Amino acid sequence: MSTDLEKYLKENRNKLDVESPDDGSIWKGISTGLKKKEGRKTGGRVILMRLRNIAAIVLIPLLAGYVINDIIGDITLGRKITLASIDSKLGQKEKDYKKLIRYKKQEIGSFDEIDNVIIRELIEELNRLDTIYNTVMDDLNKNGYNEKIVNTIFDTYEKKIRILELIILETNKPENNENEENIAL
Amino acid sequence: MDNTGDHTGRIIEKCIDGDIKAQFILYKMYSKAMYNIAIRILNNKMDTEDILQESFITAFGRLSELNNEKALGSWLKRIVINNCISHVRGNRINFEDIEDYKFESGDDHFELDDSVDPTIVHKAIKELPDGCRTVLVLHALENYKHREVAEMLGISESTSKTQYRRALQLLNNKLKHKIYVN
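What you are looking at is a predicted structure, and each value in this text was computed from that prediction instead of being measured.

Rules used throughout
- Residues numbered from 1 in each chain as written.
- Chains lettered and ligands numbered in written order.
- Predicted model: local features only at pLDDT ≥ 70, side-chain atom pairs only at ≥ 80, totals over all residues.
- Helix = DSSP H or I, 4+ residues; strand = E, 2+ residues; numbered from the N terminus.
- Buried ≥ 20, exposed ≤ 12 C-beta atoms within 10 Å, placed from the backbone.
- Contact = placed C-beta atoms within 7 Å.
- pLDDT = per-residue confidence, 0-100.
- Expected span 1.5 Å × (residues − 1).
- Axes fitted to C-alpha atoms, helices over the stretch in contact; angles between N-to-C directions.
- Parallel < 35°, antiparallel > 145°, perpendicular 65-115°, else oblique.
- Left-handed = near helix turned anticlockwise from the far one by under 90°.
- Nonpolar A, V, L, I, M, F, W, Y, C, P; charged D, E, K, R; others polar.

Student: So, the overall build of chain A: which residues are in play, and what are the values?
Tutor: From N to C terminus, chain A includes 6 helices and 0 strands. Reading the helices (α) and strands (β) of chain A from amino to carboxyl end gives α-α-α-α-α-α. Counting the 185 residues in chain A, one finds 13% classified as buried. The long-range share in chain A, meaning contacts at least 24 apart out of those at least 6 apart in sequence, stands at 83%.

The structure is reproduced here in C-alpha coordinates:
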(Lines give C-alpha, C1' and ligand atoms only; values in the text may rest on other atoms or scores of the structure.)
Protein backbone atom coordinates (compact mmCIF):
# COMPACT_ATOMS: atom_id res chain seq x y z
CA MET A 1 0.00 0.00 0.00
CA SER A 2 2.42 2.61 1.26
CA THR A 3 5.11 1.63 -1.16
CA ASP A 4 2.99 2.59 -4.17
CA LEU A 5 1.98 5.83 -2.54
CA GLU A 6 5.51 6.74 -1.48
CA LYS A 7 6.76 5.88 -4.95
CA TYR A 8 4.07 8.04 -6.51
CA LEU A 9 4.90 10.98 -4.22
CA LYS A 10 8.59 10.68 -5.00
CA GLU A 11 8.24 10.34 -8.75
CA ASN A 12 5.58 12.99 -9.13
CA ARG A 13 6.90 15.47 -6.60
CA ASN A 14 7.19 18.37 -9.06
CA LYS A 15 3.76 17.73 -10.56
CA LEU A 16 2.22 18.24 -7.13
CA ASP A 17 2.88 21.99 -7.22
CA VAL A 18 -0.56 22.62 -8.64
CA GLU A 19 -1.64 25.79 -6.86
CA SER A 20 -0.80 29.23 -8.18
CA PRO A 21 -0.09 31.99 -5.71
CA ASP A 22 -1.72 35.39 -5.94
CA ASP A 23 1.53 37.00 -7.09
CA GLY A 24 0.12 40.52 -7.23
CA SER A 25 -0.94 40.56 -3.61
CA ILE A 26 2.10 38.67 -2.28
CA TRP A 27 4.57 40.79 -4.22
CA LYS A 28 2.90 43.96 -2.99
CA GLY A 29 3.58 42.82 0.57
CA ILE A 30 7.16 41.90 -0.26
CA SER A 31 7.95 45.19 -1.99
CA THR A 32 6.38 47.15 0.88
CA GLY A 33 8.47 45.13 3.37
CA LEU A 34 11.63 45.69 1.35
CA LYS A 35 10.98 49.44 1.16
CA LYS A 36 10.45 49.61 4.93
CA LYS A 37 13.66 47.69 5.49
CA GLU A 38 15.54 49.93 3.05
CA GLY A 39 14.08 52.99 4.78
CA ARG A 40 15.40 51.77 8.12
CA LYS A 41 18.82 51.16 6.57
CA THR A 42 18.90 54.59 4.91
CA GLY A 43 17.83 56.24 8.15
CA GLY A 44 20.66 54.44 9.89
CA ARG A 45 23.10 55.54 7.22
CA VAL A 46 22.04 59.20 7.52
CA ILE A 47 22.57 59.10 11.30
CA LEU A 48 25.93 57.40 10.79
CA MET A 49 27.03 60.05 8.27
CA ARG A 50 25.97 62.86 10.61
CA LEU A 51 27.90 61.28 13.47
CA ARG A 52 30.88 60.88 11.16
CA ASN A 53 30.80 64.57 10.24
CA ILE A 54 30.57 65.60 13.89
CA ALA A 55 33.45 63.26 14.75
CA ALA A 56 35.54 64.68 11.91
CA ILE A 57 34.95 68.25 13.15
CA VAL A 58 36.13 67.24 16.63
CA LEU A 59 38.97 64.94 15.67
CA ILE A 60 40.81 66.87 12.97
CA PRO A 61 41.63 69.88 15.21
CA LEU A 62 42.43 67.43 18.00
CA LEU A 63 45.00 65.60 15.89
CA ALA A 64 46.36 68.81 14.41
CA GLY A 65 46.79 70.20 17.93
CA TYR A 66 48.56 67.05 18.98
CA VAL A 67 51.04 67.26 16.08
CA ILE A 68 51.80 70.96 16.65
CA ASN A 69 52.26 70.43 20.38
CA ASP A 70 54.66 67.58 19.76
CA ILE A 71 56.83 69.61 17.38
CA ILE A 72 57.13 72.77 19.47
CA GLY A 73 56.83 71.08 22.88
CA ASP A 74 60.53 70.72 23.66
CA ILE A 75 61.29 74.29 22.55
CA THR A 76 58.58 75.96 24.64
CA LEU A 77 59.38 73.86 27.69
CA GLY A 78 62.99 75.08 27.54
CA ARG A 79 64.56 71.84 28.69
CA LYS A 80 68.33 72.09 29.12
CA ILE A 81 69.27 68.43 29.44
CA THR A 82 68.53 66.29 26.41
CA LEU A 83 69.61 62.75 25.62
CA ALA A 84 72.01 64.13 23.01
CA SER A 85 73.69 66.22 25.66
CA ILE A 86 74.22 63.07 27.77
CA ASP A 87 75.49 60.80 25.03
CA SER A 88 75.69 61.22 21.25
CA LYS A 89 74.53 57.61 20.65
CA LEU A 90 71.49 58.16 22.83
CA GLY A 91 70.91 61.44 20.99
CA GLN A 92 71.09 59.71 17.61
CA LYS A 93 68.72 56.99 18.79
CA GLU A 94 66.25 59.61 20.01
CA LYS A 95 66.60 61.50 16.72
CA ASP A 96 65.76 58.31 14.77
CA TYR A 97 62.71 57.65 16.90
CA LYS A 98 61.51 61.24 16.53
CA LYS A 99 62.04 61.07 12.78
CA LEU A 100 60.01 57.87 12.52
CA ILE A 101 57.24 59.33 14.65
CA ARG A 102 57.17 62.44 12.44
CA TYR A 103 56.84 60.29 9.30
CA LYS A 104 54.01 58.30 10.83
CA LYS A 105 52.20 61.48 11.81
CA GLN A 106 52.61 62.87 8.31
CA GLU A 107 51.12 59.67 6.95
CA ILE A 108 48.10 60.05 9.19
CA GLY A 109 47.83 63.72 8.31
CA SER A 110 47.45 62.84 4.64
CA PHE A 111 44.04 61.25 5.27
CA ASP A 112 41.06 63.51 4.81
CA GLU A 113 38.68 61.86 7.23
CA ILE A 114 39.68 60.73 10.68
CA ASP A 115 36.38 59.97 12.31
CA ASN A 116 36.70 56.81 14.26
CA VAL A 117 36.09 56.08 17.93
CA ILE A 118 39.04 53.69 18.08
CA ILE A 119 41.36 56.32 16.60
CA ARG A 120 40.10 58.82 19.12
CA GLU A 121 41.01 56.46 21.94
CA LEU A 122 44.42 55.88 20.38
CA ILE A 123 45.02 59.62 20.22
CA GLU A 124 44.12 59.86 23.90
CA GLU A 125 46.63 57.09 24.55
CA LEU A 126 49.25 59.14 22.67
CA ASN A 127 48.41 62.10 24.90
CA ARG A 128 48.92 59.93 27.98
CA LEU A 129 52.30 58.84 26.64
CA ASP A 130 53.17 62.50 26.12
CA THR A 131 52.35 63.18 29.75
CA ILE A 132 54.62 60.31 30.80
CA TYR A 133 57.33 61.59 28.45
CA ASN A 134 57.12 65.12 29.87
CA THR A 135 57.25 63.84 33.45
CA VAL A 136 60.27 61.67 32.69
CA MET A 137 62.03 64.51 30.87
CA ASP A 138 61.36 66.81 33.84
CA ASP A 139 62.87 64.14 36.11
CA LEU A 140 65.89 63.96 33.83
CA ASN A 141 66.31 67.74 34.04
CA LYS A 142 65.86 67.75 37.81
CA ASN A 143 67.87 64.68 38.77
CA GLY A 144 70.27 64.19 35.88
CA TYR A 145 71.09 60.99 34.01
CA ASN A 146 69.48 57.79 35.16
CA GLU A 147 69.36 54.58 33.10
CA LYS A 148 65.81 53.85 34.18
CA ILE A 149 64.65 57.27 32.96
CA VAL A 150 66.35 56.79 29.60
CA ASN A 151 64.76 53.36 29.18
CA THR A 152 61.35 54.86 29.97
CA ILE A 153 61.91 57.59 27.36
CA PHE A 154 62.72 55.04 24.65
CA ASP A 155 59.86 52.84 25.77
CA THR A 156 57.55 55.83 25.34
CA TYR A 157 58.84 56.41 21.81
CA GLU A 158 58.30 52.76 20.88
CA LYS A 159 54.78 52.78 22.25
CA LYS A 160 54.01 55.97 20.35
CA ILE A 161 55.21 54.36 17.12
CA ARG A 162 53.06 51.29 17.72
CA ILE A 163 49.99 53.43 18.43
CA LEU A 164 50.61 55.55 15.34
CA GLU A 165 50.83 52.35 13.29
CA LEU A 166 47.52 51.23 14.76
CA ILE A 167 45.96 54.56 13.80
CA ILE A 168 47.24 54.11 10.25
CA LEU A 169 45.83 50.58 10.13
CA GLU A 170 42.50 51.72 11.51
CA THR A 171 42.30 54.63 9.08
CA ASN A 172 42.97 52.33 6.13
CA LYS A 173 40.37 49.78 7.20
CA PRO A 174 37.40 49.54 4.81
CA GLU A 175 34.09 50.60 6.28
CA ASN A 176 32.06 47.85 7.89
CA ASN A 177 28.71 47.12 6.34
CA GLU A 178 25.63 47.18 8.46
CA ASN A 179 25.00 43.84 10.09
CA GLU A 180 21.86 42.10 9.05
CA GLU A 181 19.93 40.06 11.54
CA ASN A 182 21.33 36.58 11.78
CA ILE A 183 18.84 33.91 10.97
CA ALA A 184 19.95 30.33 11.35
CA LEU A 185 19.20 28.29 8.30
CA MET B 1 26.23 25.90 -23.55
CA ASP B 2 24.06 26.37 -20.48
CA ASN B 3 23.86 29.99 -19.46
CA THR B 4 21.17 29.51 -16.81
CA GLY B 5 23.68 29.70 -13.98
CA ASP B 6 25.17 32.95 -15.32
CA HIS B 7 21.71 34.39 -15.77
CA THR B 8 20.69 33.47 -12.21
CA GLY B 9 24.00 34.80 -10.95
CA ARG B 10 23.35 38.16 -12.60
CA ILE B 11 19.84 38.30 -11.16
CA ILE B 12 21.21 37.51 -7.70
CA GLU B 13 23.83 40.27 -8.00
CA LYS B 14 21.17 42.77 -9.03
CA CYS B 15 18.92 41.65 -6.19
CA ILE B 16 21.77 42.23 -3.73
CA ASP B 17 22.15 45.73 -5.18
CA GLY B 18 18.48 46.31 -4.41
CA ASP B 19 17.21 46.18 -8.00
CA ILE B 20 13.46 45.76 -7.53
CA LYS B 21 12.92 44.36 -11.06
CA ALA B 22 15.50 41.64 -10.47
CA GLN B 23 13.91 40.89 -7.11
CA PHE B 24 10.55 40.45 -8.82
CA ILE B 25 12.09 38.15 -11.45
CA LEU B 26 13.64 36.02 -8.72
CA TYR B 27 10.36 35.99 -6.83
CA LYS B 28 8.52 34.80 -9.95
CA MET B 29 11.13 32.09 -10.54
CA TYR B 30 10.35 30.46 -7.21
CA SER B 31 6.99 31.75 -6.02
CA LYS B 32 4.89 28.82 -7.23
CA ALA B 33 7.17 26.12 -5.81
CA MET B 34 7.54 27.92 -2.49
CA TYR B 35 3.83 28.64 -2.28
CA ASN B 36 2.95 24.97 -2.76
CA ILE B 37 5.47 23.84 -0.14
CA ALA B 38 4.08 26.32 2.35
CA ILE B 39 0.42 25.66 1.71
CA ARG B 40 0.90 21.92 2.08
CA ILE B 41 2.40 22.53 5.52
CA LEU B 42 0.11 25.32 6.67
CA ASN B 43 -3.11 24.48 4.79
CA ASN B 44 -4.21 28.11 5.06
CA LYS B 45 -4.08 30.62 2.20
CA MET B 46 -3.58 33.74 4.32
CA ASP B 47 -0.87 32.20 6.51
CA THR B 48 0.87 30.89 3.40
CA GLU B 49 0.89 34.31 1.78
CA ASP B 50 2.25 35.88 4.98
CA ILE B 51 4.98 33.26 5.24
CA LEU B 52 5.90 33.69 1.59
CA GLN B 53 6.22 37.47 2.02
CA GLU B 54 8.28 37.09 5.17
CA SER B 55 10.50 34.46 3.56
CA PHE B 56 11.27 36.47 0.42
CA ILE B 57 11.98 39.62 2.44
CA THR B 58 14.38 37.58 4.60
CA ALA B 59 15.93 35.98 1.52
CA PHE B 60 16.53 39.32 -0.26
CA GLY B 61 18.11 40.69 2.89
CA ARG B 62 20.46 37.74 3.21
CA LEU B 63 21.16 36.98 -0.44
CA SER B 64 24.76 38.17 -0.15
CA GLU B 65 25.38 35.27 2.24
CA LEU B 66 24.53 32.72 -0.44
CA ASN B 67 27.83 31.14 -1.50
CA ASN B 68 26.59 28.99 -4.33
CA GLU B 69 23.99 30.36 -6.71
CA LYS B 70 23.08 26.79 -7.74
CA ALA B 71 21.84 26.24 -4.21
CA LEU B 72 19.45 29.19 -4.41
CA GLY B 73 16.33 27.03 -4.70
CA SER B 74 17.16 24.77 -1.75
CA TRP B 75 18.35 27.78 0.29
CA LEU B 76 15.07 29.55 -0.35
CA LYS B 77 13.10 26.40 0.38
CA ARG B 78 14.88 26.08 3.71
CA ILE B 79 13.90 29.65 4.64
CA VAL B 80 10.26 28.99 3.70
CA ILE B 81 10.16 25.69 5.59
CA ASN B 82 11.82 27.23 8.66
CA ASN B 83 9.24 29.99 8.70
CA CYS B 84 6.41 27.49 8.24
CA ILE B 85 7.74 25.35 11.08
CA SER B 86 8.03 28.39 13.36
CA HIS B 87 4.42 29.17 12.53
CA VAL B 88 3.32 25.58 13.09
CA ARG B 89 5.19 25.39 16.41
CA GLY B 90 3.76 28.73 17.44
CA ASN B 91 0.29 27.32 16.91
CA ARG B 92 1.16 24.35 19.13
CA ILE B 93 -0.02 21.66 16.81
CA ASN B 94 -0.92 18.55 18.71
CA PHE B 95 0.78 15.43 17.48
CA GLU B 96 -1.88 13.16 18.95
CA ASP B 97 -0.74 9.99 20.57
CA ILE B 98 -1.20 7.25 18.04
CA GLU B 99 1.11 4.65 19.49
CA ASP B 100 -1.82 2.27 19.82
CA TYR B 101 -3.21 3.14 16.45
CA LYS B 102 -3.82 -0.04 14.50
CA PHE B 103 -2.47 0.32 11.04
CA GLU B 104 -4.48 -1.54 8.50
CA SER B 105 -2.93 -4.31 6.52
CA GLY B 106 -2.31 -4.00 2.82
CA ASP B 107 -5.56 -5.76 1.88
CA ASP B 108 -7.08 -2.60 0.49
CA HIS B 109 -4.23 -2.16 -1.95
CA PHE B 110 -5.08 -0.13 -5.00
CA GLU B 111 -3.11 0.96 -8.00
CA LEU B 112 -1.72 4.47 -7.82
CA ASP B 113 0.01 5.05 -11.10
CA ASP B 114 1.24 8.16 -12.86
CA SER B 115 -2.14 8.65 -14.52
CA VAL B 116 -3.59 9.85 -11.22
CA ASP B 117 -4.20 13.58 -11.34
CA PRO B 118 -1.66 15.34 -9.06
CA THR B 119 -4.34 17.89 -8.15
CA ILE B 120 -6.33 15.13 -6.41
CA VAL B 121 -3.23 14.02 -4.47
CA HIS B 122 -2.32 17.59 -3.51
CA LYS B 123 -5.87 18.20 -2.29
CA ALA B 124 -5.91 14.96 -0.33
CA ILE B 125 -2.61 15.86 1.36
CA LYS B 126 -4.09 19.19 2.46
CA GLU B 127 -7.03 17.37 4.03
CA LEU B 128 -4.80 15.37 6.38
CA PRO B 129 -4.66 16.32 10.09
CA ASP B 130 -2.08 19.06 10.78
CA GLY B 131 0.55 17.03 12.65
CA CYS B 132 0.84 14.02 10.38
CA ARG B 133 0.48 16.20 7.26
CA THR B 134 3.52 18.26 8.26
CA VAL B 135 5.57 15.12 8.85
CA LEU B 136 4.48 13.63 5.52
CA VAL B 137 5.33 16.79 3.60
CA LEU B 138 8.75 17.15 5.21
CA HIS B 139 9.73 13.48 4.92
CA ALA B 140 8.10 12.26 1.72
CA LEU B 141 8.11 15.44 -0.37
CA GLU B 142 10.96 17.56 0.97
CA ASN B 143 13.29 14.64 1.69
CA TYR B 144 14.08 15.35 5.32
CA LYS B 145 15.09 12.34 7.40
CA HIS B 146 12.91 11.40 10.36
CA ARG B 147 15.69 12.55 12.68
CA GLU B 148 15.66 15.98 11.02
CA VAL B 149 11.87 16.18 11.01
CA ALA B 150 11.82 15.31 14.71
CA GLU B 151 14.39 18.02 15.43
CA MET B 152 12.52 20.62 13.41
CA LEU B 153 9.16 19.88 14.99
CA GLY B 154 10.38 19.23 18.50
CA ILE B 155 9.08 15.67 18.59
CA SER B 156 10.78 12.30 18.98
CA GLU B 157 12.02 10.38 15.97
CA SER B 158 9.59 7.55 16.72
CA THR B 159 6.68 10.01 16.82
CA SER B 160 7.78 11.31 13.44
CA LYS B 161 7.79 7.76 12.05
CA THR B 162 4.41 6.91 13.55
CA GLN B 163 2.85 10.14 12.31
CA TYR B 164 4.28 9.45 8.89
CA ARG B 165 2.79 5.96 8.74
CA ARG B 166 -0.53 7.33 9.84
CA ALA B 167 -0.39 10.07 7.22
CA LEU B 168 0.34 7.53 4.50
CA GLN B 169 -2.57 5.36 5.55
CA LEU B 170 -5.00 8.26 5.77
CA LEU B 171 -3.83 9.57 2.44
CA ASN B 172 -4.17 6.14 0.91
CA ASN B 173 -7.75 5.88 2.12
CA LYS B 174 -8.62 9.35 0.92
CA LEU B 175 -7.13 8.74 -2.50
CA LYS B 176 -8.83 5.40 -2.85
CA HIS B 177 -12.14 7.04 -2.13
CA LYS B 178 -11.52 10.04 -4.38
CA ILE B 179 -10.25 7.98 -7.29
CA TYR B 180 -13.04 5.42 -7.12
CA VAL B 181 -15.64 8.16 -6.82
CA ASN B 182 -14.16 9.97 -9.82
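Student: Which residues make up the confidence of the model for chain B, and what values go with them?
Tutor: Summarising the model, chain B shows a mean pLDDT of 87, and 86% of its residues fall at 70 or more. Taken over the whole predicted complex, pTM reads 0.58, whereas the ipTM for its chain interfaces reads 0.84.

Student: Would you mind going over helix H5 (residues 117-143) of chain A in detail, with residue names and values included?
Tutor: For H5 of chain A, spanning 27 residues, the distance from its first C-alpha to its last is 39 Å, which sits close to the expected 39 Å at 1.5 Å a residue. Gly144 of chain A, located one to two residues past H5 of chain A, shows a positive phi value of around 80°.

Student: Any chance you could break down the environment of Leu153 of chain B for me, citing the residues and the numbers?
Tutor: Residue and element names in this part refer to chain B. Inspection of the secondary structure puts Leu153 in helix H7 (residues 146-153). We classify Leu153 as buried; it has 21 C-beta atoms within 10 Å. For the pair formed by Leu153 and Thr134, sequence separation is 19 residues and the distance between their alpha carbons is 8.9 Å. Excluding anything up to four places from it in sequence, Leu153 contacts Ile85 and Thr134.

Student: An account of the packing of helix H4 (residues 88-109) of chain A against helix H6 (residues 147-172) of chain A is requested, with residue identities and associated values reported.
Tutor: Residue and element names in this part refer to chain A. The contact between H4 and H6 brings their axes to 10 Å, and the two run at 20°. One way to sum up the angle between H4 and H6 is to call them roughly parallel. Pair H4 / H6 crosses with left-handed handedness. Contact residues: Leu90, Lys93, Tyr97, Leu100, Ile101, Lys104, Lys105, Glu107 and Ile108 in H4; Val150, Phe154, Tyr157, Lys160, Ile161, Leu164, Glu165, Ile167, Ile168 and Thr171 in H6. Here the contact of H4 with H6 is built from residues that sort into 12 nonpolar, 1 polar and 6 charged.

Student: An account of the interface of chain B and chain A is requested, with residue identities and associated values reported.
Tutor: Taken together, the contacts link 38 residues of chain B with 32 residues of chain A. At the level of secondary structure, the elements contributing two or more residues to the side of chain B that touches chain A comprise helix H2 (20-42), helix H3 (45-62), helix H4 (72-90), helix H5 (118-126), helix H6 (130-141) and helix H8 (157-181) of chain B. When residues of the side of chain B that touches chain A are assigned to their parent elements, the largest contribution, 11 residues, is made by H2 of chain B. Residues that form the side of chain B that touches chain A fall into these classes: 19 nonpolar, 13 polar and 6 charged.

Student: I'd like to hear about H6 of chain A, residue by residue, with values.
Tutor: End to end, H6 of chain A covers 38 Å across 26 residues, agreeing with the expected 38 Å (1.5 Å per residue, within 8%). Every buried residue belonging to H6 of chain A is among Ile153, Thr156, Lys160, Ile163, Leu164 and Ile167 of chain A, and all of these are buried.

Student: Describe unusual backbone geometry, naming the residues involved and giving the relevant values.
Tutor: Residues and elements named next belong to chain B. The backbone of Asn43 sits at a positive phi, close to 55°, despite the residue not being glycine. Mapped onto the secondary structure, Asn43 falls in the loop between H2 and H3. On the basis of neighbour count, Asn43 is assigned to the partly exposed category, with 18 C-beta atoms found within 10 Å. The backbone of Asn143 shows a phi angle near 60°, a positive value even though the residue is not glycine.

Student: Please set out the packing of H2 of chain B against H3 of chain B residue by residue, giving values where relevant.
Tutor: Residue and element names in this part refer to chain B. Running from amino to carboxyl end, H2 crosses H3 at an angle of 135°, the nearest separation of the two axes being 9 Å. In terms of orientation, H2 and H3 fall into the oblique class. Taken as a pair, H2 and H3 cross one another with a handedness that is right-handed. Residues Gln23, Tyr27, Met34, Tyr35, Ala38, Ile39 and Leu42 of H2 lie in contact with H3, whose contacting residues are Asp47, Thr48, Ile51, Leu52, Ser55, Phe56 and Phe60. A per-class count over the contact of H2 with H3 returns 10 nonpolar, 3 polar and 1 charged.

Student: So what's going on with the environment of Ser160 of chain B? Residues and values would help.
Tutor: Residue and element names in this part refer to chain B. With respect to the helices and strands, Ser160 occurs in helix H8. The sequence separation of Ser160 and Cys132 amounts to 28 residues, and the corresponding C-alpha distance is 8.1 Å. Those residues in contact with Ser160 that lie beyond four places of it in its chain are Val135, His146, Val149, Ala150 and Ile155.

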